[in-house]
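# Summary of the model geometry
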Amino acid sequence: MKKLQKKQAALARRHRRVRGKISGTPARPRLCVTRSNKNIYVQFVDDVAGKTLCGVSTLGPEFKALGTSGATVEGAAALGQIAGKKAQESGITEVVFDRGGNLYHGRVKALADAAREAGLKF
């Protein structure tokens, strides 16, 4: 159990470090990514007002209709496309990317690249 506690502490430490440097505003909200082994969750957050503007996840009906898994890079890229389209519908064009303590690699990078392709500016 000690190894798991070390991993969780390292993730929390990285997350605090990232959040200390970035903040979302109404003009440029924070795109925060939360990742588990099976799913990915994306939210657009205005930190000034303390509100979540919109969000999508691999558990939502838009993603389920695609029939892919959130545990793969392809699934993360599909979720990035959905998130980009939903943000555009909400009037969001520019965001600040919050990787949530995860490394910018694999599923997190695929999601960010797909959101960029969908029209979001980082």
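What you see is a predicted model; the values in this text were computed from it and never measured.

### So, the overall build of the chain
Assigned secondary structure in the chain consists of four helices and four strands. Starting at the N terminus and ending at the C terminus, the chain contains elements arranged as α-β-β-β-α-α-β-α. Since a compact globule built from 122 residues should have a radius of gyration of about 14 Å, the 14 Å found for the chain is in line with a globular shape. Dimensions along the principal axes, computed over C-alpha positions, put the chain at roughly 45 × 35 × 20 Å. Looking at the chain as a whole, 39% of its 122 residues are labelled buried. In the chain, of all internal contacts separated by at least 6 residues, the share reaching a separation of at least 24 is 59%. Carbon and sulfur atoms make up 53% of the accessible area of the chain, which amounts to about 7,100 Å² in all.

### Quick notes on the environment of glutamate 117
Residue position: glutamate 117 is located in helix α4 (residues 107-117). When the C-alpha atoms of glutamate 117 and glycine 80 are compared, they prove to be 8.8 Å apart, with 37 residues separating the residues in sequence.

### Side note on the pattern of salt bridges
Within the structure shown, the criterion is met by six salt bridges. Measuring nitrogen to oxygen at the nearest pair gives 3.2 Å for the salt bridge that ties lysine 109 to aspartate 113. Of this pair, lysine 109 and aspartate 113 are both found in helix α4, four residues apart, which corresponds to roughly one turn of the helix. A salt bridge links arginine 116 to aspartate 113, with the shortest nitrogen-to-oxygen separation between them at 3.3 Å. Placement of both arginine 116 and aspartate 113 in helix α4 is noted, with a separation of three residues, approximately one turn of the helix. For arginine 116, a relative accessible area of 40% corresponds to the partly exposed category.

### As for the nonpolar core
Ranked by internal contacts, the top residues of the largest apolar core, which has 23 residues, are Leu31, Val42, Phe44, Leu111 and Leu120. If one sorts the elements of this core by residue count, helix α3 (residues 73-89) sits on top with six residues. Leucine 120 has contacts with Leu31, Phe44, Gly84, Ala87, Gln88, Ile92, Thr93, Val95 and Ala115, leaving out every residue within four places of it along the chain.

### Examining the state of the cysteines
For the structure shown, the criterion picks out zero disulfides. Free of any disulfide, cysteine 32 has its nearest neighbouring cysteine sulfur in cysteine 54, separated by 10 Å. Overall, cysteine 32 belongs to the buried group, its relative accessible area being 10%.

Rules used in this analysis
- Residues numbered from 1 in each chain as written.
- Predicted model: local features only at pLDDT ≥ 70, side-chain atom pairs only at ≥ 80, totals over all residues.
- Heavy atoms only, no water.
- Helix = DSSP H or I, 4+ residues; strand = E, 2+ residues; numbered from the N terminus.
- Rg over C-alpha atoms; globule rule 2.2 N^0.38 Å.
- Buried < 20%, exposed > 50% of the residue type's maximum accessible area, 1.4 Å probe, protein only.
- Contact = heavy atoms within 4.5 Å.
- Areas by Shrake-Rupley, 256 points an atom, 1.4 Å probe, with all protein chains shown as cover.
- Salt bridge = Lys/Arg side-chain N within 4 Å of Asp/Glu carboxyl O.
- Core = buried A, V, L, I, M, F, W, Y, C linked by side-chain atoms within 4.5 Å.
- Disulfide = S-S within 2.5 Å.

Any functional reading would require information that these geometric values do not contain.
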